[in-house]
Amino acid sequence: MSHNKPAIAVHKFSSCDGCQLALLNLGESLLTLSSMVDILHFAEAGPVDENAKVDIAIIEGSISTTDDIERINRIRENSTLVMTIGACATAGGLQALRNMANTQQWIADIYANPAVIKSLEKSTAIKKHIKVDLELWGCPVSSRQIVSAIRALLFGVLPEEQNDKVCMECKRRQIVCVMVAKNEPCMGPVTRTGCGALCPSVGRDCYGCYGPAENPNTQAMANRLEGLGLVKDEVARRFLFINSGAEAFHRQGVRSREAE
Ligand code: SF4
Ligand code: SF4
């Protein structure tokens, strides 16, 4: 590539912009980062060049329209590495809840002029459409994780995946377990870390926004949630929420719902 510094683009698909805000919220670190790289496309921050050829493309959002499919393939062709950030890009996001409903019926119920809505039947993760080199989960993603991932990629290293459980983070930080101490229906035993056990650190239960951890025992988690007094439909909703499109959560959510 003709740039002196590595080039980066930040692209948005179907999403709330929260993960791009996590990037903007880096403040001084973003200024440091921008001295190390050329940011060629980041519409929310200013630069716009959607077809720029870059070293790293950072993708927020899920694939929801036919135009999205064409655009994500073009981005893949223009990028050496592709990194997806956040629950929408990694698992389809909250909007993937429609994958379990009748999309056309929802469109007819919600929009005054349904004919102009070009949604696909399903909202899907970026990796369902193109090769993805690195995924950062979370709703929103952690700013600290983004910056350390970009730094590692700039040095030619693929960062190690952080996929152990939020419970491990609680232990490392000596946070009192809200499930043991307060009987809260915490999803930490099956959710991947990365947030620093944010919710338990302020005394509330984890609701699984970082998606499934490695080897999650979702059935044991479901049994425990029932033991805490949740009915099967409530258990299903704990799994079929922000990361309903993530396979392990989807499978358990459907299993709990069907067992109702
Ligand atoms: S508070 Fe939640 S995440 Fe932390 S140890 Fe307890 S169950 Fe695990
Ligand atoms: S504790 Fe759970 S719900 Fe809270 S930020 Fe972390 S992963 Fe998300």
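Residues numbered from 1 in each chain as written. Chains lettered and ligands numbered in written order. Predicted model: local features only at pLDDT ≥ 70, side-chain atom pairs only at ≥ 80, totals over all residues. Heavy atoms only, no water.

Here we look at the site of ligand 1
- Taken together, Val166, Cys167, Cys170, Lys171, Cys177, Val178, Met179, Cys186, Gly188, Pro189 and Pro200 make up the full set of residues near ligand 1.
- Breaking the shell around ligand 1 down by element, the ones donating at least two residues are α7 (166–173) and α8 (178–182).
- Among the elements that line the shell around ligand 1, the one with the most residues is α7, at 4 residues.
- Residue classes in the shell around ligand 1 are distributed as 9 nonpolar, 1 polar and 1 charged. (Near = heavy atom within 4 Å. Helix = DSSP H or I, 4+ residues; strand = E, 2+ residues; numbered from the N terminus. Nonpolar A, V, L, I, M, F, W, Y, C, P; charged D, E, K, R; others polar.)

A word on the sheet that holds strand β7 (residues 134–136)
- An order of β2-β1-β3-β5-β7 is seen for the 5 strands of this open sheet, with the pairing classed as parallel. For this open sheet the edge positions go to β2 (38–42) and β7, each flanked by a neighbour on one side alone. Averaged over all pairs of adjacent strands, the angle between their axes in this sheet comes to 20°, without regard to strand direction.
- Taken together, the 6 bridges between strand β3 (residues 54–60) and strand β5 (residues 79–85) define a ladder with parallel strand orientation. Within the sheet, the bridge partner assigned to Ile56 lies in β5 and is Leu81. (Pairing = 2+ DSSP bridges. Axes fitted to C-alpha atoms, helices over the stretch in contact; angles between N-to-C directions.)

Remarks on unusual backbone geometry
- Backbone torsion omega between Cys139 and Pro140 reads 0°, so that peptide bond is classified as cis.
- The phi dihedral of Asp17 is positive, around 80°, even though this residue is not glycine.
- Take Asp17: it is sitting in the loop between β1 (7–12) and α1 (18–24).
- If you check the backbone angles, Gln174 has positive phi at about 55° while not being a glycine.

A short note on helix α6 (residues 143–154)
- With 12 residues, α6 extends 17 Å from end C-alpha to end C-alpha; this agrees with the ideal 16 Å at 1.5 Å per step.
- Every buried residue of α6 is accounted for by Gln145, Ile146, Val147, Ala149, Ile150, Ala152 and Leu153.
- Contacts from the buried residues of α6 go to β1, α1, α2 (28–36), β3, β5 and β7.
- Gly156 occupies a position one or two residues after α6 and carries a positive phi of about 80°. (Expected span 1.5 Å × (residues − 1). Buried < 20%, exposed > 50% of the residue type's maximum accessible area, 1.4 Å probe, protein only. Contact = heavy atoms within 4.5 Å.)

What about empty space enclosed by the protein?
- One pass over the structure, following the stated rule, counts 1 cavity of 30 Å³ or more.
- Here the largest cavity defines a volume of roughly 40 Å³.
- For the largest cavity, the full set of lining residues is Ile8, Val10, Leu23, Leu30, Leu33, Ile39, Phe42, Ile58 and Ile150.
- Sorting the residues of the lining of the largest cavity by element identifies β1, α2 and β2 as the ones contributing at least two each. (1 Å grid on protein atoms, 1.4 Å probe; cavity = no way out; pocket = protein on both sides within 12 Å on 5 of 7 lines; lining within 4 Å. Points joined across faces, edges and corners; volume = space filled by probe spheres on them.)

A word on the packing of helix α10 (residues 218–227) against helix α11 (residues 232–239)
- Between α10 and α11, the shortest axis-to-axis distance is 9 Å and the interhelical angle comes to 135°. If you check the angle between α10 and α11, you find them oblique. You can see that α10 and α11 cross each other, and the crossing is right-handed. Of the residues in α11, those in contact with Thr218, Met221, Ala222, Leu225 and Glu226 of α10 are Lys232, Val235, Arg238 and Phe239. (Parallel < 35°, antiparallel > 145°, perpendicular 65-115°, else oblique. Left-handed = near helix turned anticlockwise from the far one by under 90°.)

As for the site of ligand 2
- Taken together, Thr191, Cys195, Leu198, Cys199, Pro200, Cys206, Tyr207, Gly208, Cys209 and Tyr210 form the complete shell of residues around ligand 2.
- When each cavity is represented as a set of grid points, ligand 2 is found to reside in the second largest pocket. (Sits in = over half its atoms within 2 Å of the grid points.)

Here we look at the domain arrangement of the protein
- What the domain assignment reports for the protein is domain 1 (7–154) and domain 2 (166–258).
- Summed over both partners, the interface of domain 1 with domain 2 buries about 1,100 Å², with 61% contributed by carbon and sulfur atoms.
- When the area that domain 1 buries against domain 2 is broken down by residue, the three leading residues are Met100, Trp137 and Cys139, summing to 44%.
- Scanning the region where domain 1 abuts domain 2 turns up 0 salt bridges.
- The tally of links from domain 1 across to domain 2 stands at 2 residue pairs in polar contact (both at pLDDT 80 or more).
- Only α4 (86–91) and α6 provide two or more residues apiece to the side of domain 1 that touches domain 2. (Domains from an automatic or database assignment. Buried area = accessible area lost by both parts, 1.4 Å probe. Salt bridge = Lys/Arg side-chain N within 4 Å of Asp/Glu carboxyl O. Polar contact = N/O pair within 3.5 Å; in protein donor to acceptor, adjacent residues only side chain to side chain.)

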